[in-house]
Structure formats: structure tokens, C-alpha cells
Amino acid sequence: MPDADYFAAAADDVSALAVIEGGGPARVGLDVVFLKDVDPVDAIVGLEAVMTGCSYEEAGARPRAGQLLSSAEVDSPFVLAVSDTLRDALVSVSAEDAVRAAEAWTASGSAAGLDAATATGVVEALVGLARRAHAAELRAVLLVDAVTWSVSGVPGP
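Draft legend 1. Up close: the overall build of the protein. A tally of regular secondary structure across the protein gives 6 helices and 4 strands. From first element to last, N terminus to C terminus, the protein shows the α and β order β-α-β-α-α-β-α-α-α-β. Sequence separation of 24 or more characterises 73% of the internal contacts of the protein that already satisfy a separation of 6 or more. Summed over all atoms, the accessible surface of the protein reaches about 7,200 Å², with 55% contributed by carbon and sulfur.

Draft legend 2. Here's a closer look at the environment of A107. Within the secondary structure, A107 is located in helix 5 (residues 95-108). Spatially, the C-alpha atoms of A107 and V50 are 9.9 Å apart, while their sequence positions differ by 57 residues.

Draft legend 3. Examining the packing of helix 2 (residues 42-52) against helix 5 more closely. Relative to each other, helix 2 and helix 5 sit at 125 degrees, their axes nearing to 9 Å. In this view, helix 2 runs oblique relative to helix 5, as classed from their interaxial angle. In terms of crossing hand, the pair formed by helix 2 and helix 5 is right-handed. Residues A43, G46, L47, V50 and M51 of helix 2 form the contact with helix 5, whose participating residues are A101, A104, W105 and S108. Grouping the amino acids of the contact of helix 2 with helix 5 by side-chain chemistry returns 7 nonpolar, 2 polar and no charged.

What counts, and at which threshold
- Residues numbered from 1 in each chain as written.
- Predicted model: local features only at pLDDT ≥ 70, side-chain atom pairs only at ≥ 80, totals over all residues.
- Heavy atoms only, no water.
- Helix = DSSP H or I, 4+ residues; strand = E, 2+ residues; numbered from the N terminus.
- Contact = heavy atoms within 4.5 Å.
- Areas by Shrake-Rupley, 256 points an atom, 1.4 Å probe, with all protein chains shown as cover.
- Axes fitted to C-alpha atoms, helices over the stretch in contact; angles between N-to-C directions.
- Parallel < 35°, antiparallel > 145°, perpendicular 65-115°, else oblique.
- Left-handed = near helix turned anticlockwise from the far one by under 90°.
- Nonpolar A, V, L, I, M, F, W, Y, C, P; charged D, E, K, R; others polar.

And the structure:
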């Protein structure tokens, strides 16, 4: 399972280029949440499905869900978008609903390898990132493969 830095940025295209050329989102001064062992597409689409009450297929077909923003010519690092629907769900979820979403996420099998407590920590970290992005009027919540640079210095849950 890959490790990834989830980060908030003003726009997709500029952010993807800056992150790759700058050596990672933390190095270019972006708000970063480092998550270990959370699949950047399957698990995140599964989380969106449980948080928004839709099917996995519907969540995966939404605009921006797992959209590759970096060059397809390069194997790694890569930058993917998180859907606006998930970002908005993370911003508006209550603390109690975040815990319930984490429990449903693990029960769905989409959070492969995570127990309920760890999944709750992941959801809470993503909620915090989405809320900080919203408060700063940053539109995009993105993720980048973190294997190619040193750990961002921001501990994951």
C-alpha cells in the first residue's frame, strides 16, 4: 500500500507542477497530512462512497476523483485529485458522523488493512485538512505519492 501526502492548494495545475518540481508539498510550504497505508484511489473513493451515501462506482465516476494531474509520462511522483464532493463532505461532517463514516469505511472493505481506530484517525486528519483548505479558500485537495521523497515531517495517524 502506498504512502501519500494529502495537501490543500489553490489550483490543480500549478500545484501539481510546484509539488513535483519542489520536492514535495511540505517543501513548497503547503498544508500536508501524511497518510501511510491508505490507497490513494480505492480507499479514498470508498471513503467518499460511505460519506456521501452513494455506490463505490458512482463515487469513482465523479469529476476529479482520482484524476491524474501530473504527467502520465512519469511513473512517480504523481499527483491525483480528490473529488470536490469528498472535500465538501469532509468540511461539513460532524465529529460523531466522522467516527461513523470511519466505521462504515472499514466495514465496507475499502479501508483495507485499517482497523476502526486507525480509520477514524485518518478521517479526522482529512477532515482537518479539508476544513483548513476551506477556511483559506483553497479549492483543491490533492494527494501525491510520497514514496519518492523523504517523509514530509508531518506524522500520519
